[in-house]
Amino acid sequence: MSTTQKIKIFDTTLRDGEQSPGASMNMEEKLRIAHQLEKLNVDIIEAGFPIASEGDFEAVRRVAQTIKGPEIAGLCRANFNDIDRAWDALKFAGERGRIHTFIATSDIHMERKLKMPPAKVLETAVKAVKHAAAYTPNVEFSCEDAVRTRLEFLAEMVAAVIDAGATTVNIPDTVGYAIPFEFYNIISYLRENVPNIGKAVLSVHCHNDLGLAVANSLAAIQAGAGQVECTINGIGERAGNCSLEEVVMALRTRKDIMPYENNVRTEHIYGASRLLSTITGIVVQPNKAVVGANAFAHEAGIHQHGVLMDKETYEIMTPESIGLNTNKLVLGKHSGRHAFIARLQELGYDLTKDDIEKAFVRFKALADKKKEIFDEDLDAIVADEIIRIPETIKLLQMNVSSGSFAAPTATVELEIKGKIKKTAVMGDGPVDATFKAIKKLTRMKPTLINFSVGSITGGTDALGECTVRLDLDGHEVLGQGAHSDIIVASAKAFINALNKALNAAQRKQVHL
Ligand code: KIV
Ligand code: ZN
């Protein structure tokens, strides 16, 4: 294999990633992520599944229209309706539009889900690829559940779709079942047994049910796959997908034995990870490889000593290489607009003048209460003031009395679709009273699945951050809120989740 083989990075955060419970994003949020992926310089952005809903269609169309550089893919099943709808959204990307069509190829899926014999599945796939290829030469075909597919049939399918016009053929481990050695063998088998394999790029798409998605993707690359499908922070259905930051940093760090190139600008990885977790409310676990809060923290004395003597004793990659600036500039009450804007830009936020103004007002208010403002505080401000829109329900003001004598009471004033409403409600505790008041005013009846609070930085004056996970009519939503008063942060998180639910419902044209 040549030493300069290029691996294409196909990001599916906006499609497979969005299938994570509670990760649904609105159009504005998807566009923000797409811009960050553009900065990261991924090769392909899978922007959605256009036939799934009006919202998905619009998101793919807007991403195709707006993003320059990466190719834009849209997913569709192997039927003409799906493909036509996908191309209607993708055509705005012109030659960069990629139709990604799929059908399941494993016996269990063909028999029990599709109820089709293999020959029919093969015929359907070929027809679909030919139909897609009439729109664009940029056609990807995925053999869903490829890992559990009989190898001879997989090879037959891959050869047939390449003949029909597929220029990328994807081998997904849909259920996260493979182990690395096995994946290596599957890709090797296809390279040896598919006569026209040289006419297409072989791709790998791994789910993480056994925690092996990155390892399997690397094994596939070593066997000759030329594209890896992944998501930021590894979000995705169930245990998630192969994590972009892990696979890219593994390739970069172990170039000595994996001599492959890719186009990702790794210094934007940390910004992408933070932006995604701010938008979705899905918190990155502290010990997560590459982007977790502890990934570059050296606690043990012996390690600290080693790192001080020579970083390479315990550090296999630098924080700077993923865009994590360890010399954080701290802002405070005397910091002016200039320093504030410069810091936001360094953190990767491209904000409009109006957005900067909103964030600056909030920054000044916080700086009056808190001596030092850290990057994490700025993230929370940007998330709270700018990213979390649109708000059908707005918190105007609230007051809570609680303690060991009187019953906790929350007085909450909201603006709901332009109308101001106020109520006071008692509860078992201040948070319970607050949530009850919000439920009463909005007349929404979510079930609280999970509630967590944390402080964004250290100190008693720190911003508190709250995350709630709600169930509304069977749909899970996550909400986040930050404030120096933790009860206000809780109210904001609760309202943020309700706004997300309303937004998702509007996108799907469901009336609550
Ligand atoms: O996991 C999977 O099989 C998929 C395909 C649709 C590519 O996401
Ligand atoms: Zn998948």
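Throughout, a residue's number is its position along its own chain's written sequence, starting from 1. Here the convention is simple: chains get letters from A, ligands get numbers from 1, in the order in which they are written. Selection of residues for local features in this predicted model requires a pLDDT of at least 70, selection of side-chain atom pairs for listing and counting requires 80 or more, and totals for whole chains, interfaces and linings are taken over all residues. The basis for every side-chain value is the complete set of non-hydrogen atoms in the structure, without hydrogens or water.

1. Focus on the nonpolar core
Test applied: What we call a nonpolar core is a set of buried Ala, Val, Leu, Ile, Met, Phe, Trp, Tyr and Cys residues that are connected through their side-chain atoms within 4.5 Å. Under the scheme applied here, a residue whose accessible area is under 20% of the maximum for its type counts as buried, over 50% as exposed, and between as partly exposed, the area being computed with a 1.4 Å probe on protein chains only. Secondary structure follows DSSP: runs of H or I at least 4 residues long count as helices, runs of E at least 2 residues long count as strands, and numbering of each begins at the N terminus. Domain start and end points were adopted from an automatic or database domain assignment.
Within the largest apolar cluster, 121 residues are counted, with the highest numbers of intra-cluster contacts made by M157, V158 and I171. At ten residues, helix 6 (residues 151–164) tops the list of elements feeding residues into this core. Here this core spans two domains, and each of domain 1 (8–280) and domain 2 (301–385) adds at least three residues to it. A410, I416, V425 and I495 belong to the second-largest nonpolar core, a separate cluster that totals 30 residues.

2. Quick notes on the site of ligand 1
Put simply, the test is: Whether a residue is near a molecule or strand depends on its heavy atoms: it is near if one of them lies within 4 Å of it. For this analysis, a polar contact is any N or O atom pair within 3.5 Å, provided that within protein one partner can donate a hydrogen and the other can accept it, and provided that sequence-adjacent residues contribute only side-chain to side-chain pairs. Here the open area of atoms and residues is found with the Shrake-Rupley method and a 1.4 Å probe, where only the protein chains shown may cover a residue. Note on residue categories: nonpolar means Ala, Val, Leu, Ile, Met, Phe, Trp, Tyr, Cys or Pro, charged means Asp, Glu, Lys or Arg, and polar means any other residue, Gly included.
Around ligand 1, a shell composed of R15, D16, H100, F102, S142, E144, N170, P172, T174, H205 and H207 is seen. Between D16 and ligand 1, the recorded distance is 3.2 Å, taken from a side-chain N or O atom to an oxygen atom. Side-chain polar atom of H207 to an oxygen atom of ligand 1: 3.0 Å apart, as the coordinates give it. In the complex, the protein chains occlude 94% of the 260 Å² of accessible area that ligand 1 would expose alone. Contributions of two or more residues to the shell around ligand 1 are made by strand 4 (97–104), strand 5 (139–144) and strand 6 (168–173). Broken down by class, the residue content of the shell around ligand 1 amounts to two nonpolar, six polar and three charged.

3. Notes on the side chain of H207
Put simply, the rule is: Working rule for contacts: check all heavy atoms of both residues, and any pair within 4.5 Å makes them a contact.
Tracing the chain through its elements places H207 in the loop between strand 7 (201–206) and helix 8 (213–223). Here H207 falls in the buried class, since its relative accessible area comes to 5%. A distance of 3.1 Å separates polar atoms of two side chains, one belonging to H207 and the other to D16. For H207, the side chain forms a polar contact with the main-chain oxygen of G240, separated by 3.4 Å. With residues up to four places along the chain from it excluded, the contact list for H207 reads D16, D173, T174, G176, A213, E237, R238, G240 and N241.

4. Structural notes on the pattern of salt bridges
Two side chains with opposite charge may pair up if their charged atoms get near one another. Formally: Within this document, salt bridges are pairs made up of a side-chain nitrogen of Lys or Arg and a carboxyl oxygen of Asp or Glu, the two lying within 4 Å of each other.
A full pass over the atoms with the stated rule returns 27 salt bridges. For R61, the salt bridge goes to E58, with nearest N and O atoms at 2.6 Å. Of this pair, R61 and E58 both sit in helix 2 (residues 54–66), three residues apart, which is roughly one turn of that helix. Given the relative accessible area of 24%, E58 is considered partly exposed. Ionic pairing is found between D432 and K436, a salt bridge with its closest N-O pair at 3.0 Å. Remark: K436 and D432 occur in helix 15 (residues 430–442); sequence separation between them is four residues, near one turn of the helix. Note on D432: relative accessible area 27%, which makes it partly exposed.

5. Description of helix 14 (residues 375–387)
Most of helix 14 sits inside the fold, with eleven of its 13 residues counted as buried. Taken together, the buried positions of helix 14 are D375, D377, L378, D379, A380, I381, V382, A383, D384, I386 and I387.

6. Focus: helix 7 (residues 180–193)
Filter applied, for reference: To estimate how far a helix should extend, the number of its residues minus one is multiplied by 1.5 Å.
Taking 1.5 Å as the rise per residue, helix 7 with 14 residues should run 20 Å; its terminal C-alpha atoms sit 20 Å apart, in good agreement. Tucked into the core, helix 7 has its buried residues touching helix 6, strand 6, strand 7 and helix 8.

7. A closer look at the sheet that holds strand 6
Condition: Between any two strands, pairing holds if DSSP finds at least two bridges. Fitted lines through C-alpha atoms give the axes, limited to the stretch in contact for helices. The angle between two N-to-C directions lies from 0 to 180 degrees.
With parallel pairing, the eight strands of this closed barrel are ordered in space as 1-2-3-4-5-6-7-8. If you compare each strand with its neighbour and ignore which way they point, the axes differ by 25 degrees on average. Against the sheet, helix 8 engages strand 6, strand 7 and strand 8 (227–230), with an angle of about 165 degrees to strand 7.

8. A closer look at a nonpolar patch on the surface
We apply this condition: Within the patch definition used here, like charges are joined within 9 Å and nonpolar side chains (Val, Leu, Ile, Met, Phe, Trp, Tyr) within 5 Å, considering only residues with over 30% relative accessible area and no salt bridge.
A surface patch of nonpolar side chains, about 300 Å² in accessible area, is lined by L448, F451, V453 and I486. As for its position among the elements, L448 is in strand 12 (residues 447–455). For L448, a relative accessible area of 40% puts it in the partly exposed group.

9. Examining the domain arrangement of the protein
Heads up, the condition is: Here the buried area means the combined drop in accessible surface, using a 1.4 Å probe, for two parts upon being joined, counting both sides.
Structurally, the protein comprises domain 1 (8–280), domain 2 (301–385) and domain 3 (393–503). On the domain 3 side, the residues contacting the eight residues of domain 1 number seven residues. Buried surface at the junction of domain 1 and domain 3, both sides included, amounts to about 520 Å², of which 37% is carbon and sulfur. A per-residue breakdown of the area domain 1 buries against domain 3 is headed by P21, G22 and T280, which together make up 54% of the total. On the surface where domain 1 and domain 3 come into contact, there are zero salt bridges. At the surface where domain 1 touches domain 3, the tally comes to two residue pairs in polar contact (both at pLDDT 80 or more). Classifying every residue of the side of domain 1 that touches domain 3 gives two nonpolar, five polar and one charged.

10. Digging into the packing of aromatic side chains
Basically, it comes down to this: A pair of aromatic rings is counted whenever rings of Phe, Tyr or Trp (Trp by its six-membered ring) have centres within 6.5 Å, and the orientation is called stacked for planes under 30 degrees apart, edge-to-face for over 60 and tilted otherwise. Distance and angle both matter: a charge sits over a ring if NZ of Lys or CZ of Arg is within 6 Å of the ring centre and within 35 degrees of the ring normal.
This model, assessed by the stated rule, comprises seven aromatic pairs. Taken together, a centroid distance of 5.9 Å and an interplanar angle of 80 degrees make the contact between F435 and F451 edge-to-face. Of this pair, F435 sits in helix 15 while F451 sits in strand 12, placing them 16 residues apart in sequence. You can call F435 buried: its relative accessible area is 6%. Pairwise contacts between aromatic rings join F340, F360 and F363 into one cluster. Over the aromatic face of F92 sits the side chain of R61, whose NZ or CZ is 5.8 Å from the ring centroid. Over the ring of F57 we find R85; its NZ or CZ atom is 3.7 Å from the centre of that ring.

11. Section: the state of the cysteines
Spelled out, the test is: Cysteine sulfur atoms are paired as a disulfide whenever they fall within 2.5 Å.
The full count for this structure, using the stated rule, is zero disulfides. There is no disulfide at C76, and the cysteine sulfur nearest it, in C143, is 14 Å away.

12. Some thoughts on the pairing of strand 3 (residues 71–77)
For clarity, the threshold we go by: Look down the strands so they point away from you; if the path from the first strand over the helix to the second goes clockwise, the crossover is right-handed.
Burial analysis of strand 3 places six of its seven residues in the buried class, which makes it a mostly covered element. Here four bridges tie strand 2 (residues 44–48) to strand 3, and the two strands are oriented parallel to one another. When the bridges of strand 3 are listed, E46 appears paired with A73. In this view, the connection linking strand 2 to its parallel neighbour strand 3 by way of helix 2 has right-handed handedness. For strand 3 and strand 4, the ladder comprises six bridges, and the chain directions are parallel. Its bridge partner being in strand 4, R77 is matched across the sheet by F102.

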